[in-house]
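Coordinates in review
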Amino acid sequence: MESKTKEQVLQIIEEEDIKFIRLQFADFFGVLRNIAVTGSEIERAIEGGSYIDGYHIRGAKEMGLRKIYLKPDIDTFAILPWRPQQGKVGRFLCDLTYEDGRMIKESPRFILQSVLDRAEKAGLSFEVNPECEFFLFDTDEEGNPTNETKERAMYLDMAPLDSGENARRAIIFALEELGFEMESSHHEDAPAQHAVAFKRASGVKMADQILTLRNTVRTIGARNGFHATFMPKPRTDLPGSAMAITLTGTAETVAKMTSATDVYGMSELGKQFLAGVLHHMPGMSVIANPIVNSYKRTGARFCSDKGIFWSQEDYEAPICLVKDGENDTAIRWELPDGATNPYLTIAYLIASGLDGIEKKLMLPEADTRVGSLPKTLKDAVDEFRKDAYLTEVCGEKYAKIYLASKRGEWDSYASEVTDWEIREYLHRI
């Protein structure tokens, strides 16, 4: 998306007869929310004069944030292609601020920008290229969500086996109308499972795009009669959905982190970066895999005996070295899933690598186990708490509230009597 000025945006709004503007933002747990303003309020909104009541926003209430002001990022302005052409609807993605314009530093968007600023000071500038997986399931007769599908399509199948092909094409067209650059899309391994990949972009821009993708997929999926879900493991018998992130850099950063003479294509700086990611991965899991269901996917996807390691070959590695272009070496983090907060996940991937550089950590040999992945959300919370550096990245106030929420989610789950328990125990105990 090209940079715009306030005046250019106001001109577009007038010329396109845009009647509503959605002020969208990521809440403290990465959920897309919004308020809508009409034409008479647009200029005030662009100046950051619109606010919401934080009392009703998860995390904001606990932080004592009552009034949260929304400061639109001008460059994120777009016309929503699925809304009516009569009385069009535009949108901005917004930063969260106090009334006096100061950024709320616990905002995930601000946390990511802070990490990117820190990387810039170290002379490093990163770009990310995610592949986002999701299911397009059938709905029931009343239109309610199910995790069922009638199709039997598998990896790279086409219509008529792929019953979601038209919906997926409409999703790509909508994203391109929003100004996003798409790399590819295809049917994934399981029936009703799909994948979409963006062309690489800078951290905040890409996190914005991931958040918009989720909204677009759900909206267009529903219009095509599907229930779209990014749930990590919606069925025991099907593969889970990932949000694997490939991390590379601008030309200057690639030159610093790669080496044509190294057997793995990495410079000493690149190896230190990767060592940092490996070192902090146990605690970062609560960010990359933030819900109870996440660990049903990681338990099935990654071999517990192999644990945490890096590889160029092994499919079960949580992190891999891949080629990005002819000669450039990039890092692909396989752990994140579709429930993750993209701002925090990208922030922690980069921040952990920066810590590796600052501490000059030694990279273990390829395919060598260096630790274990958490098996449950509770384990992931505990691992985060043991790693003081992870709290430094997001701040003590945010970490306390985030971890309390995640531990509460685990406790709620652990207290439930499940269908599995009924099947296993009711008839014989």
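For the structure itself, consult the block above.
This one's a predicted model, so the numbers in the text were calculated from it and none came from an experiment. (Residues numbered from 1 in each chain as written. Predicted model: local features only at pLDDT ≥ 70, side-chain atom pairs only at ≥ 80, totals over all residues. Heavy atoms only, no water.)

Re the packing of aromatic side chains
- Across all of its chains, the model carries twelve aromatic pairs by this definition.
- Relative to Tyr69, the ring of Tyr51 lies with its centre 5.2 Å away and its plane at 45°, an arrangement referred to as tilted. Here Tyr51 is found in strand 3 (residues 50–53), whereas its partner Tyr69 is found in strand 4 (residues 67–72), with 18 residues between them in sequence.
- Looking at Tyr69, the relative accessible area reads 7%, which means it is buried.
- Note on Trp420 and Tyr425: the rings are 5.5 Å apart at their centroids and 90° apart in plane angle, and the pair reads as edge-to-face.
- Residue class for Trp420 comes out partly exposed when judged on its relative accessible area of 45%.
- Across from the ring centre of Phe29, 3.8 Å away, lies the NZ or CZ of Arg58, which sits over that ring.
- Sitting over the ring of Tyr51, Lys67 keeps its end group 4.4 Å from the ring centre. (Phe/Tyr/Trp six-rings, centres within 6.5 Å; stacked < 30°, edge-to-face > 60°. Helix = DSSP H or I, 4+ residues; strand = E, 2+ residues; numbered from the N terminus. Buried < 20%, exposed > 50% of the residue type's maximum accessible area, 1.4 Å probe, protein only. Lys NZ or Arg CZ within 6 Å of the ring centre and 35° of its normal.)

Some thoughts on the pattern of salt bridges
- Tallying each qualifying case throughout the model produces 27 salt bridges.
- Residue Asp262 is joined to Lys271 by a salt bridge in which the shortest nitrogen-to-oxygen separation is 2.8 Å.
- For Asp262, a relative accessible area of 19% puts it in the buried group.
- Several salt bridges share partner residues, and in doing so they unite Asp73, Asp95, Arg109 and Asp208 into one network. (Salt bridge = Lys/Arg side-chain N within 4 Å of Asp/Glu carboxyl O.)

What to know about the pairing of strand 7 (residues 126–138)
- With twelve of its 13 residues buried, strand 7 lies for the most part within the structure.
- Two elements, strand 7 and strand 12 (residues 243–249), share seven bridges in a ladder whose sense is antiparallel. Paired with Glu131 across the bridge in strand 12 is Ala244.
- In the sheet, strand 7 pairs with strand 9 (residues 193–198) via five bridges, with the strands oriented antiparallel. For Phe134, the partnering residue across the bridge sits in strand 9 and is His194.
- When strand 7 meets strand 11 (residues 226–229), the two strands line up antiparallel, connected through four bridges. (Pairing = 2+ DSSP bridges.)

As for the packing of helix 10 (residues 377–386) against helix 12 (residues 396–414)
- At a closest axis distance of 9 Å, the pairing of helix 10 and helix 12 adopts a crossing angle of 155°. The angle between the axes of helix 10 and helix 12 places the two elements in the roughly antiparallel class. By crossing handedness, the relation of helix 10 to helix 12 is classed as left-handed. Together, Leu377, Lys378, Val381, Asp382, Phe384 and Arg385 of helix 10 and Ala399, Leu403, Ala404, Lys406, Arg407, Glu409 and Trp410 of helix 12 make up the contact between the two elements. (Axes fitted to C-alpha atoms, helices over the stretch in contact; angles between N-to-C directions. Parallel < 35°, antiparallel > 145°, perpendicular 65-115°, else oblique. Left-handed = near helix turned anticlockwise from the far one by under 90°. Contact = heavy atoms within 4.5 Å.)

Describing the nonpolar core
- Judged by nonpolar contacts, the single largest core of 115 residues is most densely connected at Phe28 and Met281.
- Contacts of Met281, omitting those with residues within four sequence positions, involve Ile308, Pro318, Ile319, Trp333, Leu335 and Leu373.
- In this structure, Phe135, Phe137, Ala192 and Leu238 belong to the second largest nonpolar core, which totals five residues. (Core = buried A, V, L, I, M, F, W, Y, C linked by side-chain atoms within 4.5 Å.)

Quick notes on empty space enclosed by the protein
- Counted according to the given criterion, the structure contains one cavity of 30 Å³ or more.
- Within this model, the largest cavity holds a volume of roughly 140 Å³.
- Lining the largest cavity are 14 residues, with Leu247, Met257, Thr329, Ala330 and Ile331 positioned closest to its centre.
- Of all the elements in the fold, those that place two or more residues in the lining of the largest cavity are strand 12, helix 6 (251–257) and strand 15 (329–333).
- Of the residues that constitute the lining of the largest cavity, the class distribution is eight nonpolar, six polar and no charged. (1 Å grid on protein atoms, 1.4 Å probe; cavity = no way out; pocket = protein on both sides within 12 Å on 5 of 7 lines; lining within 4 Å. Points joined across faces, edges and corners; volume = space filled by probe spheres on them. Nonpolar A, V, L, I, M, F, W, Y, C, P; charged D, E, K, R; others polar.)

Notes on the side chain of Ser294
- Locating Ser294 in the fold gives a position in helix 8 (residues 294–301).
- Of the polar contacts made by the side chain of Ser294, one reaches the side chain of Asp337; its length is 2.8 Å.
- Apart from residues lying up to four places away in sequence, Ser294 is in contact with Pro232, Asn289 and Asp337. (Polar contact = N/O pair within 3.5 Å; in protein donor to acceptor, adjacent residues only side chain to side chain.)

Description of unusual backbone geometry
- Pro160 follows Ala159 through a cis peptide bond whose omega is 5°.
- Among the secondary structure elements, Pro160 is positioned in the loop between strand 7 and helix 4 (165–177).
- Positive phi values are uncommon outside glycine, yet Asp17 reaches one of about 55°.
- Among the structural elements, Asp17 can be located in the loop between helix 1 (6–15) and strand 1 (18–26).
- Of note in the backbone geometry, Asp367 takes a positive phi value of approximately 65° without being a glycine.
- Here Asp367 lies in the loop between helix 9 (342–358) and helix 10.
- The exposure class of Asp367 is partly exposed, given its relative accessible area of 46%.

Examining a nonpolar patch on the surface
- A cluster of nonpolar residues, Met154, Tyr155 and Leu156, forms a patch on the protein surface that exposes about 310 Å² of accessible area.
- When you line up the elements, Tyr155 lands in the loop between strand 7 and helix 4.
- The class of Tyr155 is partly exposed, set by a relative accessible area of 46%. (Patch = residues over 30% accessible without salt bridge, like charges linked within 9 Å, V, L, I, M, F, W, Y side chains within 5 Å. Areas by Shrake-Rupley, 256 points an atom, 1.4 Å probe, with all protein chains shown as cover.)

Some remarks on the environment of Pro364
- Note that Pro364 resides in the loop between helix 9 and helix 10.
- In this structure Pro364 comes out as partly exposed when scored by relative accessible area, which is 24%.
- A C-alpha to C-alpha distance of 9.0 Å links Pro364 and Lys271, two positions 93 residues apart in sequence.
- The residues contacting Pro364, other than those within four sequence positions of it, are Leu278, Trp310 and Val370.

None of the figures reported here should be taken as evidence of function without further support.
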